[in-house]
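# Tertiary structure, described
Below, each chain spelled out in residue letters.
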Amino acid sequence: MARYAHVTGWGMAVPELVLTNADLALMVDTTDEWIVDRTGIRERRLADKHDTTASLALQAAQRALERSEVRPRDVDLIIVATSTPEHLFPATACLVQDRLGARTAGAFDLSAACSGFIYAVNMAAQAIRSGSIDNALVIGAETLSRIVNWDDRSTCILFGDGAGAFLLQAGEKPGGVLSCVMRSDGSGGDLLSVPAGGSRIPTSLETVRRKLHGIQMNGREVFRFATRVMASATQEAVQAAGLKLDDIELVVPHQANLRIIEAAARGLRLPLNRFVINIERYGNTSTASIPIAVTEAAEAGRVHPGDHLVLVGFGAGLTWGAMVLQWVTPERPVPARRRRLSALWSTVARLRSGLRRLARWLEGLLWGAASAGKEPDESRPSPKTEDRR
Ligand code: ACO
């Protein structure tokens, strides 16, 4: 029997702190008028000291689960698409898995910059359709404010923080993820990058002094690339789903620049009211922008069962991609009882995590005590015995 991968839960989380264009004008040489005119952005949310990529991801994931009625322990896979993971490792997805109490889930991060959410939904949908898993949480989460160069007026005005999540579930009813195109062009990698902090240019006083840990971008080139690929990727995905552009009720583009979205609409000859646009309130939240926009559109009653949606994005790499989804789940208010249950699961997950840490510590103590009583194994070469030879 054919299996389909349906979006049955969605959720978002943004920090409370709002940074307006007027606030930015006090920090760098810019104006509200310039930013609105060139980008469409009026304000963005910024993580405060309590918000992290994992904490925002967790809140969005919990909301997606509450909506879908899937319990954390029934989640088989968690993918966090992010350009601002909490660490090089462990994966942010593992932090979310622990805090969620998703005991039997595999978890990993996916790095494809702003296209990451589309890539990750496609990976999860493939795993569901193949029959290897039933439930997957896909999260796009960012704290870009932590890697923005706040002295660079050409980039610091663009980005914001937030997270969005989908719960994908196996189903027999036709629909869900119908097609996806994923593309990349590494020859444009230098157009948008965070140069240092990886293995090629490790962190040093010099890299910090030269601000090589912040976002660097050739805005004009990225703009040209984005306007080129948004329309073509959409057309490819629609064709691959066996549909026509007229069949698409809603396009949800990556929110990077209103002018890029307008150019895509012109290229596709679609009216702008078929696009979900919320860039004025959040700026570019990278991997989080598409699931945040879908969540807001669903909550505003713009998405109905049976509708065909295109999700389309681009980003560093360079990467780009588009996906056609057929929506199946009606928007309903989440009952208060389910929210209370979710809070309870979250407390249980914290307790369980604490107990596991305690058990690991005790195990270490016992193991240490046991091995302290043993004679050293002379047959094994140690650095010291090597030296003596
Ligand atoms: N305020 C005032 N003036 C500014 C500002 C600012 N914030 N930023 C740049 N300028 C100036 C420039 O210095 C330049 O001045 P000059 O002509 O004297 O040299 C002038 O404005 C025009 O600069 P441009 O770079 O040509 O401006 P443009 O219209 O291209 O807009 C922008 C710049 C908004 C960055 C645009 O190029 C853009 O949006 N590019 C795409 C960026 C993008 O989408 N990135 C995200 C990719 S997704 C991901 O993976 C993270």
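Here is a short report on the structure shown in this document. (Residues numbered from 1 in each chain as written. Predicted model: local features only at pLDDT ≥ 70, side-chain atom pairs only at ≥ 80, totals over all residues.)

### Some details on helix H9 (residues 258-268)
For H9, the full list of buried residues reads Ile260, Ile261, Ala264, Ala265 and Leu268. The arc enclosing the buried residues of H9, seen along the axis, measures out at 140 degrees, which places them on a common side. Among the structural elements, helix H8 (219-240) and strand S11 (250-253) are those in contact with the buried residues of H9. Downstream of H9 by one or two residues, Arg269 has phi in the positive range, about 55 degrees. (Buried ≥ 20, exposed ≤ 12 C-beta atoms within 10 Å, placed from the backbone. Helix = DSSP H or I, 4+ residues; strand = E, 2+ residues; numbered from the N terminus. Arc of directions from axis to C-beta. Contact = placed C-beta atoms within 7 Å.)

### Here we look at the sheet that holds strand S12 (residues 308-315)
Taken in spatial order, the four strands make up an open sheet running S8-S13-S12-S11, and their pairing is mixed. The outermost strands of the open sheet, each flanked by one partner alone, are strand S8 (176-184) and S11. Going from strand to strand, the sheet's axes swing by 15 degrees on average, the running direction of each strand aside. As paired elements, S8 and strand S13 (residues 319-326) share eight bridges and run antiparallel to each other. In the strand pairing of S13, Met182 is matched with Gly321. Contacts from helix H5 (residues 116-130) reach S8, S12 and S13, with the element oriented near 130 degrees to S8. (Pairing = 2+ DSSP bridges. Axes fitted to C-alpha atoms, helices over the stretch in contact; angles between N-to-C directions.)

### A short note on the site of the ligand
The ligand sits among 23 residues. The nearest are Thr30, Ala113, Gly219, Ala256 and Gly315. Breaking the shell around the ligand down by element, the ones donating at least two residues are helix H2 (32-39), helix H6 (153-156) and H8. In terms of residues, the shell around the ligand owes the most to one element, H8, which gives five residues. Split into classes, the residues belonging to the shell around the ligand amount to twelve nonpolar, eight polar and three charged. (Near = placed C-beta within 6 Å. Nonpolar A, V, L, I, M, F, W, Y, C, P; charged D, E, K, R; others polar.)

### Some thoughts on the sheet that holds strand S1 (residues 4-13)
By definition, the strands of a sheet pair up through backbone hydrogen bonds, in either a parallel or an antiparallel sense. Here five strands make up an open sheet; going across it, the order is S1-S7-S6-S4-S5 and the pairing mixed. Both outer strands of the open sheet, S1 and strand S5 (106-110), are each paired with one neighbouring strand and no more. Geometrically, the sheet is characterised by an average inter-axis angle of 20 degrees between neighbouring strands, direction not taken into account. Note that S1 and strand S7 (residues 161-171) share nine bridges and pair antiparallel. Paired with His6 across the strands is Gln169, a residue of S7.

### Overview of unusual backbone geometry
In the segment running from Phe89 into Pro90, the intervening peptide bond is cis, with an omega of 5 degrees. Secondary-structure assignment places Pro90 in the loop between strand S4 (77-81) and helix H4 (92-100). Of the consecutive residues Gly317 and Leu318, the connecting peptide bond is found in the cis state with omega at -5 degrees. Note that Leu318 resides in the loop between S12 and S13. Of note, Ala113 is a non-glycine position whose phi angle comes to about 50 degrees, a positive value. Its place among the elements puts Ala113 in the loop between S5 and H5. Judged by the 23 C-beta atoms lying within 10 Å of it, Ala113 falls in the buried class. Its identity is not glycine, yet Ser286 carries a phi of approximately 50 degrees, on the positive side.

### Thoughts on the environment of Arg44
Along the chain, Arg44 turns up in strand S3 (residues 43-46). Overall, Arg44 belongs to the buried group, with 30 C-beta atoms counted inside 10 Å. Other than its neighbours up to four places away in sequence, Arg44 contacts Leu19, Phe159, Gly160, Tyr282 and Gly283.

### Some details on the packing of helix H3 (residues 53-68) against helix H12 (residues 336-372)
Across the interface, H3 lies against H12 with an axial gap of 10 Å and an inter-helix angle of 135 degrees. Accordingly, the angle class assigned to the pair H3 and H12 is oblique. Taken as a pair, H3 and H12 cross one another with a handedness that is right-handed. Packed against H3, whose contacting residues are Gln62, Leu65 and Glu66, the element H12 presents Arg338, Arg339, Ser342 and Ser346 at the interface. (Parallel < 35°, antiparallel > 145°, perpendicular 65-115°, else oblique. Left-handed = near helix turned anticlockwise from the far one by under 90°.)

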